[in-house]
Amino acid sequence: MSNLDWLLAAQENSGTCFILSRRDYEDLKRLVDAWPAHDHPVRRLLVAKLWRGLVCDPDQVPDDVVVTGARIEYRRAPRGEIETGILVRPDVRPMPANGISMVSPLGALLLGMIQGAVIHQSAPDGAPFFLHLEKVTRRDGQSRAPTSIAADGAAMPGAASG
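A short tour of the structure in this document, coming up. (Residues numbered from 1 in each chain as written. Predicted model: local features only at pLDDT ≥ 70, side-chain atom pairs only at ≥ 80, totals over all residues. Heavy atoms only, no water.)

Things to note about helix H3 (residues 41–52)
Working step 1: Between its first and last C-alpha atoms H3 spans 16 Å; for twelve residues at 1.5 Å apiece the expected length is 16 Å, and the two agree.
Working step 2: Turning to H3, its buried residues are Pro-41, Val-42, Arg-43, Leu-45, Leu-46, Ala-48, Lys-49 and Leu-50. (Helix = DSSP H or I, 4+ residues; strand = E, 2+ residues; numbered from the N terminus. Expected span 1.5 Å × (residues − 1). Buried < 20%, exposed > 50% of the residue type's maximum accessible area, 1.4 Å probe, protein only.)

Next comes the structure, spelled out in structure tokens:
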């Protein structure tokens with residue numbers, strides 16, 4: 001199992017919910033349809049998001065969800081340094097210095113994640129893998145309610161958290 005295959009399984013097994021804006025969904029659909037290698041692990045992760053993600057109109061996507069253009073803060077270790085980046089489409093030119101392409105392994109994992117989500121598992125080689133989405137800051141300025149998670153683990157956009 002390659003590292004990218006394992007990342008796909010890690011996100012699927014983490015129980016992490018994700019939400020896609022309709023615009024990101026349409027962009028992903030075009031990207032995966034044009035992807036030259038259909039068995040590429042990142043492509044498979046993006047296809048899984050197309051199939052399993054909750055798709056919302058852009059004005060209905062909660063502020064705490066990673067969409068393209070969002071500034072994100074995340075950790076790759078439980079007590080590690082906070083890293084920052086902006087999730088971007090692969091055709092953005094010039095690429096911002098802290099840009100994370102939505103078709104990179106990290107960008108594919110982050111797209112649609114909800115602030116506070118954690119993926120924490122052991123890799124096939126026994127090494128720990130950790131990703132914690134600390135904060136999402138959206139550039140569009142629209143204010144929406146944060147996401148809450150239902151008892152069954154499903155994301156409920158706009159639901160008041162309690």
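With respect to the environment of Arg-22
Working step 1: Residue position: Arg-22 is located in helix H2 (residues 22–34).
Working step 2: For Arg-22, a relative accessible area of 38% translates into the label partly exposed.
Working step 3: Between the C-alpha atoms of Arg-22 and Val-55, which are 33 residues apart in sequence, the distance is 5.7 Å.
Working step 4: Other than its neighbours up to four places away in sequence, Arg-22 contacts Val-55, Cys-56, Asp-57 and Pro-58. (Contact = heavy atoms within 4.5 Å.)

As for the pairing of strand E4 (residues 83–88)
Working step 1: By the bridge criterion, four bridges tie strand E3 (residues 71–75) to E4 in an arrangement that is antiparallel. Across the sheet, the residue bridging to Ile-72 is Gly-85, located in E4.
Working step 2: Of the pairings in the sheet, the one linking E4 to strand E5 (residues 99–101) comprises three bridges and is parallel in character. Bridging from a neighbouring strand, Leu-87 pairs with Ile-100 of E5. (Pairing = 2+ DSSP bridges.)

So yeah, pure geometry; function would need other evidence.
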